[in-house]
Amino acid sequence: ETAQDYDRRAKSSISNRRRGGVPGVARADREPPMSEAPVLILLARSAAPSPTADVARGLDRDPIILGLSLIQRTVLASRRAGFAQVFLLGGGDRRATGIAPAADWTSLAAALSSACPTPLIIAPADILAEGGWLERVASMQIQPAAWAAIPNRIVVLAPGSAADAARELDKDGGARELADVEARLAHRFGPRAPISADIVPMIVETPADVGVAERRLLKSLVKDTDGFMARHVERPISLQISRRLAGTGITPNQMSLISVAVGICGGPFFLSSRPLMQTLGALLFLAHSILDGCDGELARLKFQQSRWGGVLDFWGDNVVHTVIFACMGVGWSLAADSPWPLALGAAAVLGTLGSAGFVYCRLMRSKDGDDTLFTSVSDAPERPLTRLLDSASRRDFIYLVILLALFGRSSWFLVMAGIGAPIYFVLVLFAARRQPSLKAGGSTVASASNP
């Protein structure tokens, strides 16, 4: 993605997220929307990091957090949150990391003078960039000649005030610490306005902070759509796997392929009627589900989302399900020496592929971008029927497969799948008839992975 693409997406993103509601921050019904995406200004640390600190560091000497240095993570996270540009004040030339250098506040004001008025967010270079608080800060509307701040964390300046602020901040050698920035802005513009309490940035200053930052980023990967067992069993395991893989060269798409391969390998075990063989197949099915969470986690941690990754993940899951159902049908048919279980297997396979194909064609094929490709079986996820269908699509059923396989009765699950999958397909069609189809390009969607 080019810088122009980032700028265009940033402006669109900010335009769609305007909100207000705290003193000194303009409400949307009183102030016109800001025309430009915000700019992030990082204040370089006053002292170089200790070479003896027990923390892995990148080429820019910043600590590595889940595979990316602080500066890299800040640049990528801010772009994804809709920021137009990131500057580093007094930290040397970091263009290799995608960050623009600025020797002092005057040169920074000159660099911004050719652009339309834009809000400025000032923070220490040691701040942990996270999409949640970055997006909320980016969507704030600051009143003219006002500023807002979280002390010793972030400062937000209104559009058009960059020149006045730069003159004040450049006096007497220039403000290099955030506390000094806040004091000078208070002198120039008056008392600060508060920032919403749900914006809580973290500063990474010590080796212990690195571990806290990693846990914080991993926690943000837990999704509201996770089923009960996925949230309490699979997600904790997949997060630990992703934590160890984040610093390696393994890509999210490679994890998708590994997950699919593991799931497919579990299928042939259901050809046997022996409890041990079926249990091994069920455990491989569970391992597939756990690993399937890693591709999306890695994609979000390393900012490697892609439409192709989303398609691979969606269809990979459905291929694994069809292989499992088909092998269950064939295994039961062999054990019973009768062809009728094949009909149940075929019904489960066709129902699964029918639902997947319809959802893909209706909701996913026309989508582009780099957000989530698949979030619901319908474009009206708030409706009761859609919520029911989305709940039914969670993979907590794998634990029932494991329980039945322990007794060599995984075929019993095929009865439920052979009846339930076609009914599910019919309900998906019915839900789709109650709302208009999406227009091409009319939605924000597409990610490396749903999990």
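Residues numbered from 1 in each chain as written. Predicted model: local features only at pLDDT ≥ 70, side-chain atom pairs only at ≥ 80, totals over all residues. Heavy atoms only, no water.

## Concerning unusual backbone geometry
Peptide bonds are trans in most cases, and residues, glycine excluded, mostly fall at negative phi. With a phi angle near 55°, Leu66 is a residue other than glycine that sits in the positive phi range. Relative to the elements of secondary structure, Leu66 occurs in the loop between β2 (64-65) and β3 (68-69). Owing to a relative accessible area of 3%, Leu66 belongs among the buried residues under this scheme. Phi is positive for Phe303, close to 55°, though the residue is something other than glycine. Tracing the chain through its elements places Phe303 in the loop between α10 (275-302) and α11 (307-336). When its relative accessible area of 19% is taken as the criterion, Phe303 is described as buried. (Helix = DSSP H or I, 4+ residues; strand = E, 2+ residues; numbered from the N terminus. Buried < 20%, exposed > 50% of the residue type's maximum accessible area, 1.4 Å probe, protein only.)

## Quick notes on the environment of Asp126
Mapped onto the fold, Asp126 is located in the loop between β6 (120-124) and α4 (131-138). Overall, Asp126 belongs to the buried group, its relative accessible area being 15%. A C-alpha to C-alpha distance of 6.7 Å links Asp126 and Glu205, two positions 79 residues apart in sequence. Setting aside residues no more than four positions away along its own chain, Asp126 makes contact with Arg45, Leu70, Met202, Ile203 and Val204. (Contact = heavy atoms within 4.5 Å.)

## Remarks on the side chain of His321
Within the element layout of this structure, His321 appears in helix α11. Look at His321 and you get buried, because its relative accessible area is 12%. Apart from residues no more than four positions distant in its own chain, His321 is found in contact with Phe285, Thr352, Arg395 and Phe397.

## A closer look at the pairing of strand β4 (residues 85-89)
Of all 5 residues making up β4, 4 are buried, and the element is well covered by its neighbours. Pairing geometry for strand β1 (residues 39-43) and β4, over 5 bridges, is parallel. By the bridge assignment, Leu42 is partnered in β4 with Leu88. Sheet analysis places β4 next to strand β5 (residues 100-102), joined by 3 bridges and oriented parallel. Each bridged residue has a counterpart across the sheet, and for Phe87 the counterpart in β5 is Ala100. (Pairing = 2+ DSSP bridges.)

## Concerning the sheet that holds strand β7 (residues 147-150)
Strand order across the open sheet formed by 6 strands is β5-β4-β1-β6-β8-β7, with mixed pairing between neighbours. Strand pairing shows two members of the sheet lacking a second neighbour, β5 and β7, which therefore form its edges. Each strand of the sheet is rotated relative to its neighbour by a mean of 20°, with strand direction disregarded. Where β6 meets strand β8 (residues 154-157), 3 bridges bridge the pair, whose relative direction is antiparallel. Paired with Ile121 across the two strands is Val156, which belongs to β8. In the packing of helix α6 (residues 178-189) onto the sheet, contacts are made with β1, β6, β7 and β8, and the angle to β8 comes to roughly 30°. (Axes fitted to C-alpha atoms, helices over the stretch in contact; angles between N-to-C directions.)

## So, the nonpolar core
Among the nonpolar cores identified, the biggest contains 34 residues, and Leu42, Ile154 and Ile195 are the most heavily contacted of them. Contributing elements (two or more residues each) for this core: β1, α2 (70-80), β4, β6, α4, β7 and β8. In terms of residues, this core owes the most to one element, α4, which gives 4 residues. Not counting residues within four places of it along the chain, the set of residues in contact with Ile154 comprises Ile122, Ala123, Ile127, Trp133, Val137, Ala148, Ala149, Leu178, Ile195, Ile199 and Pro201. (Core = buried A, V, L, I, M, F, W, Y, C linked by side-chain atoms within 4.5 Å.)

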